[in-house]
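Residue-level listing of the chains:
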Amino acid sequence: QVLLVESGGGSVQSGGSLRLSCAASGDIYSRYYMGWFRQVPGKEREGIATMERDGTPNYAYSVKGRFTISQDNAKNMLYLQMNSLKPEDTAMYYCAADRVNYWLLPLYRYWGQGTQVTVSS
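Overview of the structure. (Residues numbered from 1 in each chain as written. Predicted model: local features only at pLDDT ≥ 70, side-chain atom pairs only at ≥ 80, totals over all residues. Heavy atoms only, no water.)

As for the pattern of salt bridges
Here's step 1: Within the structure shown, the criterion is met by three salt bridges.
Here's step 2: Of the charged contacts in the structure, one is a salt bridge between Asp89 and Arg38, with a shortest N-O distance of 2.9 Å. One end of the pair, Asp89, is in the loop between strand 8 (77–82) and strand 9 (91–98); the other, Arg38, is in strand 4 (residues 33–39), and 51 residues separate them in sequence.
Here's step 3: Looking at Arg38, the relative accessible area reads 6%, which means it is buried.
Here's step 4: For the salt bridge of Arg66 with Asp89, the shortest nitrogen-to-oxygen distance reads 2.8 Å. Of this pair, Arg66 sits in the loop between strand 6 (57–59) and strand 7 (67–72) while Asp89 sits in the loop between strand 8 and strand 9, placing them 23 residues apart in sequence.
Here's step 5: Overall, Arg66 belongs to the buried group, its relative accessible area being 12%.
Here's step 6: Three or more residues joined by partner-sharing salt bridges are found here, namely Arg38, Glu46, Arg66 and Asp89. (Salt bridge = Lys/Arg side-chain N within 4 Å of Asp/Glu carboxyl O. Helix = DSSP H or I, 4+ residues; strand = E, 2+ residues; numbered from the N terminus. Buried < 20%, exposed > 50% of the residue type's maximum accessible area, 1.4 Å probe, protein only.)

Laid out in structure tokens, this is it:
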């Protein structure tokens, strides 16, 4: 089993920044595709950014140019730097991993419990 734990969420003003972290068990970066997703109550889970095993990123149009996904293989950590935050970015953010590349689709096998991000206008 793979354990994923997110952290770094919080409340910020519009235009502010946050960096989310995902701590993964084992040498997950050499074995799994990973990514960030978000969900608002009543809406479908949305793919935000994914990281292939070779480090190639994939971003949703809604966050491209504002968010950056990165990883630290030595620490088994995945990050999401979020800049120029908008009220519509408010959501629960999740880290996910799978051996299969599902790109931005919410079909990954392993998920964290989520961290809340709230952006005020």
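Moving on, there is more to tell.
Some remarks on the packing of aromatic side chains
Here's step 1: The tally for this structure, following the rule as stated, stands at five aromatic pairs.
Here's step 2: Ring centres 6.4 Å apart and planes at 85° place the aromatic pair Tyr108 and Trp111 in the edge-to-face group.
Here's step 3: Judged by relative accessible area, Tyr108 falls into the buried class, the value being 4%.
Here's step 4: Chaining the aromatic ring pairs together yields one cluster made of Phe37, Tyr102, Tyr108 and Trp111.
Here's step 5: Over the aromatic face of Tyr79 sits the side chain of Arg19, whose NZ or CZ is 4.4 Å from the ring centroid.
Here's step 6: When the ring centre of Tyr94 is taken as origin, the NZ or CZ atom of Arg45, which lies over that ring, is 4.0 Å away. (Phe/Tyr/Trp six-rings, centres within 6.5 Å; stacked < 30°, edge-to-face > 60°. Lys NZ or Arg CZ within 6 Å of the ring centre and 35° of its normal.)

Quick notes on a positive patch on the surface
Here's step 1: Where like charges cluster on the molecular surface, the positive patch consists of Arg31, Arg53, Arg99 and Arg109.
Here's step 2: For Arg109, the location among the structural elements is in the loop between strand 9 and strand 10 (110–111).
Here's step 3: Look at Arg109 and you get exposed, because its relative accessible area is 62%. (Patch = residues over 30% accessible without salt bridge, like charges linked within 9 Å, V, L, I, M, F, W, Y side chains within 5 Å. Areas by Shrake-Rupley, 256 points an atom, 1.4 Å probe, with all protein chains shown as cover. Lys, Arg positive; Asp, Glu negative; His and termini not counted. Charge placed at Lys NZ, Arg CZ, Asp CG, Glu CD.)

Things to note about the environment of Val2
Here's step 1: Among the secondary structure elements, Val2 is positioned in the segment before strand 1 (4–7).
Here's step 2: C-alpha separation for the pair Val2 and Tyr110, spaced 108 residues apart in sequence, amounts to 6.5 Å.

Some thoughts on the sheet that holds strand 7
Here's step 1: With antiparallel pairing, the four strands of this open sheet are ordered in space as 1-3-8-7. Taken across any chain shown, the strands that pair with only one partner, and hence form the sheet edges, are strand 1 and strand 7. If you compare each strand with its neighbour and ignore which way they point, the axes differ by 15° on average.
Here's step 2: The sheet contact formed by strand 7 and strand 8 spans six bridges and is antiparallel. Its bridge partner lying in strand 8, Ile69 is registered against Leu80. (Pairing = 2+ DSSP bridges. Axes fitted to C-alpha atoms, helices over the stretch in contact; angles between N-to-C directions.)

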